[in-house]
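This is what each chain is made of:
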Amino acid sequence: MKKRYLLKAGAVIVGAAWLSRNLIGKSGDMAASNNNFEINKTEEEWREILTPEQFNVLRKHGTERAGTSPLDKQYGKGIYACAACELPLFTSETKFDSHTGWPSFYAPIEGGIGTSTDKTLFMTRVEVHCHRCGGHLGHVFNDGPRPTGKRYCMNGAALKFVQG
């Protein structure tokens, strides 16, 4: 009887460790975890310049709740820049309503973004990050409109809209 309980306890521990790495934790391949970017700051320096929500999204790979960003329904002319370093990432000309609750674009500004592998939530996705500071922006999917067929699904908290 004790052996059965020990086996169950061991399975629970192994399962919890796996879940913390693959469901709750973030992949080591994700961008903000490495320091190969033009702008590098300590966690404390990022906390000083970002709101708590921006810090969670940009530096901890969080996701804002769908439908909470005013940028989702922003359709004025302008540029969407990184909220952390102000690098221009997307133009209003490439924005579209994906009906997902997050700002979506079919193409980035050349040189603005980078991508990396995200192996969380029991799947492999393509994470999108700022090319200059490594901040997590969102993910890219292959279900967008023409001409690219891509949907860059971005967290509004990671972006700053500059009207122009």
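What you are looking at is a predicted structure, and each value in this text was computed from that prediction instead of being measured.

J.: Is there a simple way to explain the overall build of the protein chain in this structure?
T.: What the protein chain contains, in helices and strands, is three helices and nine strands. In the protein chain, the succession of α and β elements from N to C terminus is α-α-α-β-β-β-β-β-β-β-β-β. Looking at the protein chain residue by residue over its 164 residues, the buried ones come to 44%. The long-range share in the protein chain, meaning contacts at least 24 apart out of those at least 6 apart in sequence, stands at 56%. With an accessible surface of roughly 9400 Å², the protein chain has 55% of that area assigned to carbon and sulfur atoms.

J.: For this particular structure, what's the right way to read the sheet that holds strand E1 (residues 78–82)?
T.: Backbone hydrogen bonds hold the strands of a sheet together, and the pairing may be parallel or antiparallel. One open sheet holds the three strands; their spatial order is E2-E1-E9, and the pairing between them is antiparallel. Each having just a single partner strand, strand E2 (88–91) and strand E9 (159–163) make up the two edges of the open sheet. Strand-to-strand twist across the sheet, computed as the mean angle between neighbouring axes with direction ignored, equals 30 degrees.

J.: Is there a simple way to think about the sheet that holds strand E3 (residues 95–96) in this case?
T.: Here we have six strands laid out as an open sheet, ordered E3-E4-E8-E7-E6-E5, and antiparallel in their pairing. The open sheet has two edge strands with one neighbour each: E3 and strand E5 (113–118). Taken together, the two bridges between strand E4 (residues 104–105) and strand E8 (residues 151–154) define a ladder with antiparallel strand orientation. Residue pairing for E8: phenylalanine 105 is matched across the bridge by tyrosine 152.

J.: Please explain the pattern of salt bridges as it appears in this structure.
T.: Pairs can form between side chains of opposite charge whenever their charged atoms are close. As enumerated under the stated definition, the model contains eight salt bridges in all. Two residues, arginine 47 and glutamate 43, come together in a salt bridge whose shortest N-O distance is 3.2 Å. Here arginine 47 pairs with glutamate 43, and both are found in helix H2 (residues 43–49), just four residues apart, close to one helical turn. Residue class for arginine 47 comes out partly exposed when judged on its relative accessible area of 47%. One salt bridge in this structure joins arginine 125 and aspartate 118, with 3.0 Å as the shortest N-O distance. Judged on exposure class, the residue arginine 125 and its partner aspartate 118 are both buried. Linked by salt bridges that have partners in common, Glu43, Arg47 and Lys60 make up one network.

J.: Sorry, what's going on with the packing of aromatic side chains here?
T.: The relative placement of two aromatic rings is captured by the distance of their centres and the angle of their planes. Under the definition given, this model contains four aromatic pairs. Ring centres of tyrosine 80 and phenylalanine 105 lie 4.9 Å apart, and the angle between their planes is 70 degrees; this geometry places the pair in the edge-to-face category. Here phenylalanine 105 lies in strand E4 and tyrosine 80 lies in strand E1, a separation of 25 residues in the sequence. The two residues tyrosine 80 and phenylalanine 105 agree in class, both being buried.

J.: Honestly, the nonpolar core in this entry has me stumped. Any pointers?
T.: Here is a general trend for soluble globular proteins: nonpolar side chains tend to be buried in one another's company. Counting residues in each nonpolar core, the largest one holds 27 residues, and the members touching the most others are Leu89 and Leu137. Listing elements by their share of this core, those giving two or more residues are helix H3 (52–60), E1, E2, strand E6 (125–130), strand E7 (136–141), E8 and E9. Among the elements that make up this core, the one with the highest residue count is H3 (three residues). Leucine 89 has contacts with Tyr80, Ala81, Cys82, Pro108, Ile109, Gly112, Ile113, Cys130, Leu137 and Leu159, leaving out every residue within four places of it along the chain.

Criteria and thresholds
Residues numbered from 1 in each chain as written. Predicted model: local features only at pLDDT ≥ 70, side-chain atom pairs only at ≥ 80, totals over all residues. Heavy atoms only, no water. Helix = DSSP H or I, 4+ residues; strand = E, 2+ residues; numbered from the N terminus. Buried < 20%, exposed > 50% of the residue type's maximum accessible area, 1.4 Å probe, protein only. Contact = heavy atoms within 4.5 Å. Areas by Shrake-Rupley, 256 points an atom, 1.4 Å probe, with all protein chains shown as cover. Pairing = 2+ DSSP bridges. Axes fitted to C-alpha atoms, helices over the stretch in contact; angles between N-to-C directions. Salt bridge = Lys/Arg side-chain N within 4 Å of Asp/Glu carboxyl O. Phe/Tyr/Trp six-rings, centres within 6.5 Å; stacked < 30°, edge-to-face > 60°. Core = buried A, V, L, I, M, F, W, Y, C linked by side-chain atoms within 4.5 Å.

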